[in-house]
Amino acid sequence: MATLRHIHQLMNERRMIQLTDGRVGKVVRVDTLFPDNSTTVSVWTQASGPSITKVALSDVVGEASRESA
């Protein structure tokens, strides 16, 4: 599981992330609700056509592995 700080770093650097269900995408927005401290991450994915998915912070595994050419 990625930390909130790491998610913001990946979003600012426009790096790809991987979700627990195997999807890969880019973070476009991070929302944290207070005082519950629940975080929702909006991810642009290409799973079945381009779309934006909202997932919990716990659903983000971390940075996706890069494929070399």
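For the structure, see preceding data.
Remember, it's a predicted structure, so these values are computed and weren't measured experimentally. (Residues numbered from 1 in each chain as written. Predicted model: local features only at pLDDT ≥ 70, side-chain atom pairs only at ≥ 80, totals over all residues. Heavy atoms only, no water.)

### Overview of the pairing of strand β2 (residues 24-33)
Phase 1 of the analysis: Alignment of strand β1 (residues 16-19) against β2, held across 3 bridges, turns out to be antiparallel. Bridge pairing in β2 links Gln 18 to Val 24.
Phase 2 of the analysis: Between β1 and the antiparallel strand that follows it, β2, lie 4 residues; Gly 22 among them carries a positive phi value of about 100°.
Phase 3 of the analysis: The hairpin formed by β2 and strand β3 (residues 38-45) contains 4 residues between the paired strands, and Asn 37 there has a positive phi angle of roughly 60°. (Pairing = 2+ DSSP bridges. Helix = DSSP H or I, 4+ residues; strand = E, 2+ residues; numbered from the N terminus.)

### Thoughts on the sheet that holds β2
Working definition: the strands of a sheet are paired by backbone hydrogen bonds and lie parallel or antiparallel to each other.
Phase 1 of the analysis: What the 5 strands build is an open sheet, ordered β4-β3-β2-β1-β5; its pairing is antiparallel. With one partner strand each, in any of the chains shown, β4 (51-56) and β5 (60-63) form the two edges of the open sheet. Pairs of neighbouring strands in the sheet enclose a mean axial angle of 40°, with direction left out of account. (Axes fitted to C-alpha atoms, helices over the stretch in contact; angles between N-to-C directions.)

### Description of the pattern of salt bridges
Phase 1 of the analysis: On inspection of all chains with the given rule, the structure shows 4 salt bridges.
Phase 2 of the analysis: One salt bridge connects Arg 15 with Glu 13, and the closest N-O pair in it is separated by 3.1 Å.
Phase 3 of the analysis: Asp 31 serves as the salt-bridge partner of Arg 29, at 2.9 Å between the closest nitrogen and oxygen.
Phase 4 of the analysis: Given the relative accessible area of 25%, Asp 31 is considered partly exposed.
Phase 5 of the analysis: Residues participating in the shared-partner salt-bridge network are Glu 13, Arg 15 and Glu 63. (Salt bridge = Lys/Arg side-chain N within 4 Å of Asp/Glu carboxyl O. Buried < 20%, exposed > 50% of the residue type's maximum accessible area, 1.4 Å probe, protein only.)

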